[in-house]
Amino acid sequence: MTRVIQWATGVTGMMSLRHVVERADLKLVAVRVYDPAKAGIDAGALCGASEVGVLTSDDRDAVIATDADVVLYMGKVETDTPGCFADVCELLASGKNVVATGSRFIHPRSLHESLADDIEKACRAGNSSFLGLGLYPGFIGESLAPILSRLTERTTRIEVREVLNYSTYASHDLIFNAMGFGHAPDDTTPLLTNTDYAASAWIGSATVLTQALGLQIRSVEGFREVVTTPKALTVAAGEIPAGTVGAMRFGVEVDCGATTIAVEHLTRMADDLAPDWPTDIGYEVTFHGKPNMRLHLVIGSHEEDHAEQGCLATAMHAVNAIPAVIAADPGLYDLSTITPFVAHWTERGVAPSPADRRRNG
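Everything quoted here is computed from the prediction, not taken from an experiment.

1. A closer look at the overall build of the chain
- Within the chain, the regular secondary structure consists of 12 helices and 14 strands.
- Its C-alpha atoms give the chain a radius of gyration of 20 Å, within 12% of the compact-globule value 21 Å for 361 residues.
- Based on the C-alpha atoms only, the size of the chain along its principal axes is roughly 50 × 50 × 40 Å.
- Put simply, 72% of the contacts in the chain that link residues at least 6 apart link residues at least 24 apart.
- As displayed, the chain has an accessible area near 15800 Å², and 51% of this comes from carbon and sulfur atoms.
- Between the averaged position of the 28 positive side-chain charges in the chain and that of its 45 negative side-chain charges there is a distance of 6 Å.

So, in structure tokens, the structure goes:
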């Protein structure tokens, strides 16, 4: 049985936690929370499942000291990059494998050599492995685009795009402080108003894609565009006053010589904002070349909340990666270097039999 630590219990972390406690082949051994009000609560009760006898903790060092095989790390790396990388390195050095979500974990070396060097050093010290992944970034461009490339003769441009309405996403820190919704369009306080920082959110995704395609990056340029809302909006994360940012698109363009790769995120707080921008909710991979191709993926395709279902997909991508990361040789991996993996579905509370595992791949 695989011993698991769940690190952070935001929207995605809570979904991951719930799945772990309901799996008979995974054993929850610790849960790291940041809010003192969440500390000391049975982990099962916290996520709406049956009690499991594991109490949540806001004691970072105590959680790191807990024996485990793998950590599902879902801390706020976008807003506390140094702190989260320090957490991950200590966990790896203590002998625990780590699967982490968040754009800055997708390809640490593309952000700064030292980040990757520190992770590799920690992996050697702990005989452990690290993989950063997610949904977008962390799956769409990194996994789907290389597969589609098998169908092409040549391609001059690859576009990877996410289009969402984030009005139901309840993270005030991400929506307001990081992305900049509800701020004046010329306010430079939010993190993503800095185009270099905006580019850093996607450069990891673009780098993994270029590696998979055998391309070389010549230059990188970040961009961010915003549209204000003419009326006040009440969304899950708070209030967005009239005249402030209500829609945005940001990303990175990567020059690889004969091929350009563009990775961008486009978000609205109301469906009627920025009508001249792409409007189809979901994820797109577009190839311009021979042949031209466009793949459109919708997560939450039965009138479900797209943002919520995207968080569930992110959580499951991390959980389903556990066997591959544990089986890997010690080191730093990304989705272009680790052995491909698939899900092993189980009945709740029932571990898959060896025969089931063989049938599922």
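There's plenty left to go through after this.
2. Comments concerning the pairing of strand S13 (residues 293-297)
- As paired elements, strand S12 (residues 282-290) and S13 share five bridges and run antiparallel to each other. Each bridged residue has a counterpart across the sheet, and for Thr 286 the counterpart in S13 is Arg 294.
- Between S12 and S13, which pair antiparallel and follow one another directly, the connecting turn spans two residues.

3. Focus on the environment of Glu 120
- Summarising the element assignment, Glu 120 is placed in helix H6 (residues 113-126).
- Linking Glu 120 and Phe 130, residues 10 residues apart in sequence, is a C-alpha distance of 8.6 Å.
- Those residues within four positions of Glu 120 in sequence are excluded, and the remaining contacts are Arg 109 and Leu 332.

4. Quick notes on the sheet that holds strand S3 (residues 70-73)
- As summarised here, the arrangement of the six strands in space is S2-S1-S3-S4-S5-S14, forming an open sheet in which the pairing is parallel. Since the sheet does not close on itself, it has two edges, and those belong to strand S2 (26-32) and strand S14 (331-333), each with one partner. Within this sheet the neighbouring strands show an average axis-to-axis angle of 20°, counted without direction.
- Seen against the sheet, helix H1 (residues 11-22) touches strand S1 (2-7), S2 and S3 and runs at an angle of roughly 145° to S2.
- In this fold H6 packs onto strand S5 (129-133) and S14, with an angle of close to 130° to the strand it touches most, S14.

5. Considering the sheet that holds strand S7 (residues 219-228)
- The mixed open sheet is built from six strands, whose spatial order is S7-S10-S11-S6-S12-S13. Of all strands in the sheet, those bounded by a partner on one side alone are S7 and S13. On average, adjacent strands in this sheet sit at an angle of 10° to one another, irrespective of strand direction.
- Pairing of strand S10 (residues 245-255) with strand S11 (residues 260-268) involves nine bridges; the strand directions are antiparallel. Within the sheet, the bridge partner assigned to Gly 251 lies in S11 and is Glu 264.
- Running over the sheet, helix H7 (residues 140-148) touches strand S6 (154-165), S12 and S13 and is turned about 35° from S12.

6. Notes on the confidence of the model for the chain
- Summing up the model confidence of the chain, the mean pLDDT is 93 and the portion of residues at 70 or higher is 96%.
- Counting contacts from residues 353-361, a segment whose pLDDT is below 50, to residues more than four positions away or on other chains yields eight contacts.

7. So, the state of the cysteines
- With the rule as written, the count across this model stands at zero disulfides.
- We note that Cys 84 lacks a disulfide partner, and the nearest cysteine sulfur, in Cys 89, lies 11 Å from it.
- Look at Cys 84 and you get buried, because its relative accessible area is 2%.
- Free of any disulfide, Cys 311 has its nearest neighbouring cysteine sulfur in Cys 47, separated by 15 Å.

8. Observations concerning the packing of helix H4 (residues 81-93) against H6
- The interhelical angle for the contact between H4 and H6, taken along N-to-C directions, is 20°, at an axis separation of 7 Å. The orientation of H4 with respect to H6, classified from their angle, is roughly parallel. Here H4 contributes Phe 85, Cys 89, Leu 92 and Ala 93 to the contact with H6, which in turn contributes Leu 115, Asp 118, Ile 119, Ala 122, Cys 123, Ala 125 and Gly 126.
- When grouped by side-chain class, the residues that make up the contact of H4 with H6 number nine nonpolar, one polar and one charged.

9. Focus: the UniProt feature "domain: 2,4-diaminopentanoate dehydrogenase C-terminal" (unreviewed entry) in the chain
- Feature annotation in UniProt assigns "domain: 2,4-diaminopentanoate dehydrogenase C-terminal" (unreviewed entry) to the following positions: residues 144-337.
- Taken end to end, residues 144-337 comprises 27% helix and 34% strand; its first and last C-alpha atoms sit 15 Å apart.

10. Topic: the pattern of salt bridges
- This structure, assessed with the given rule, holds 19 salt bridges.
- Put simply, Arg 60 and Asp 87 hold a salt bridge, and the shortest N to O gap is 2.6 Å. With Arg 60 in helix H3 (residues 60-64) and Asp 87 in helix H4, the pair connects residues that are 27 residues apart, well separated along the chain.
- In this structure, Glu 264 engages Arg 161 in a salt bridge whose closest nitrogen and oxygen atoms are separated by 2.6 Å. Within this pair, whereas Glu 264 is found in strand S11, its partner Arg 161 is found in strand S6, the two being separated by 103 residues in sequence. An identical accessibility class is assigned to Glu 264 and Arg 161; each is buried.
- A cluster of three or more residues bridged by salt bridges with shared partners is formed by Arg 157, Glu 159, Arg 161, Arg 249, Glu 253, Glu 264, Asp 280, Glu 284 and Arg 294.

Here is what the cut-offs are and how they apply
Residues numbered from 1 in each chain as written. Predicted model: local features only at pLDDT ≥ 70, side-chain atom pairs only at ≥ 80, totals over all residues. Heavy atoms only, no water. Helix = DSSP H or I, 4+ residues; strand = E, 2+ residues; numbered from the N terminus. Rg over C-alpha atoms; globule rule 2.2 N^0.38 Å. Contact = heavy atoms within 4.5 Å. Areas by Shrake-Rupley, 256 points an atom, 1.4 Å probe, with all protein chains shown as cover. Lys, Arg positive; Asp, Glu negative; His and termini not counted. Charge placed at Lys NZ, Arg CZ, Asp CG, Glu CD. Pairing = 2+ DSSP bridges. Axes fitted to C-alpha atoms, helices over the stretch in contact; angles between N-to-C directions. pLDDT = per-residue confidence, 0-100. Disulfide = S-S within 2.5 Å. Buried < 20%, exposed > 50% of the residue type's maximum accessible area, 1.4 Å probe, protein only. Parallel < 35°, antiparallel > 145°, perpendicular 65-115°, else oblique. Nonpolar A, V, L, I, M, F, W, Y, C, P; charged D, E, K, R; others polar. UniProt positions renumbered as here; feature names shortened; annotations may be inferred. Salt bridge = Lys/Arg side-chain N within 4 Å of Asp/Glu carboxyl O.

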